[in-house]
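Structural features, examined
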Amino acid sequence: MAIKNEKIEGSLIINEYVSSNIMSSVYDREKKDLQVMFKGGRKYVYEKVPMHIFTKMRLSESQGKYFNKEISRKYRYKEIK
């Protein structure tokens, strides 16, 4: 598990990771939106990601591998500028 830091603020679960690709994520339990900040500085929001999918990403041995396989191309997303 490579969670560096985790905090909960209202409906938001905020994580920082020790990962080669993903810096942090913010999951909104009400909207089911997952924001992902990558090491290169880009930030994206993925829509309607179920809680159990986010939980599996958080707890996986490699967040980046899980994200690429189970989230990146399966959910609608847009870049946050």
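I will try to describe carefully the structure that is included in this document. Being a predicted model, the structure only gives us computed values, none of them experimental. (Residues numbered from 1 in each chain as written. Predicted model: local features only at pLDDT ≥ 70, side-chain atom pairs only at ≥ 80, totals over all residues. Heavy atoms only, no water.)

Points about the packing of helix α1 (residues 51-59) against helix α2 (residues 63-70)
Formally: To get an axis, a line is fitted to the C-alpha atoms, and for a helix only the part in contact is used. The angle between two axes follows their N-to-C directions and goes from 0 to 180 degrees. Comment: elements are numbered from the N terminus, with helices defined as DSSP H or I runs of at least four residues and strands as E runs of at least two. Convention used here: angles under 35 degrees read as roughly parallel, angles over 145 as roughly antiparallel, angles from 65 to 115 as roughly perpendicular, and any remaining angle as oblique. A contact between two residues is defined here by any heavy atoms of the two lying within 4.5 Å.
As a packed pair, α1 and α2 sit with axes 7 Å apart at the nearest point and diverge in direction by 150°. The orientation of α1 relative to α2 falls into the category roughly antiparallel. Side by side, α1 and α2 meet where Ile53, Lys56, Met57 and Arg58 of the first sit next to Gln63, Tyr66 and Phe67 of the second.

Brief notes about the pattern of salt bridges
Heads up, the rule is: What counts as a salt bridge is simple: a side-chain nitrogen of Lys or Arg found within 4 Å of a carboxyl oxygen of Asp or Glu. Summary of the burial criterion: residues with accessible area below 20% of their type's maximum are buried, those above 50% are exposed, and those between are partly exposed, where the area comes from a 1.4 Å probe applied to protein chains only.
In the structure shown here, the tally under the stated rule is seven salt bridges. One salt bridge in this structure joins lysine 7 and glutamate 9, with 3.7 Å as the shortest N-O distance. Taking the relative accessible area as the measure of exposure, glutamate 9 reaches 44% and is therefore partly exposed. The partner of glutamate 47 in a salt bridge is arginine 76, with the nearest N and O atoms 3.3 Å apart. Of this pair, glutamate 47 sits in the loop between β5 (43-46) and α1 while arginine 76 sits in the loop between α2 and β6 (77-80); the two residues are 29 residues apart in sequence, bridging distant segments of the chain. Among the residues examined, glutamate 47 registers a relative accessible area of 19% and is labelled buried. Among the charged side chains, a network of salt bridges with common partners joins Arg42, Glu79 and Lys81.

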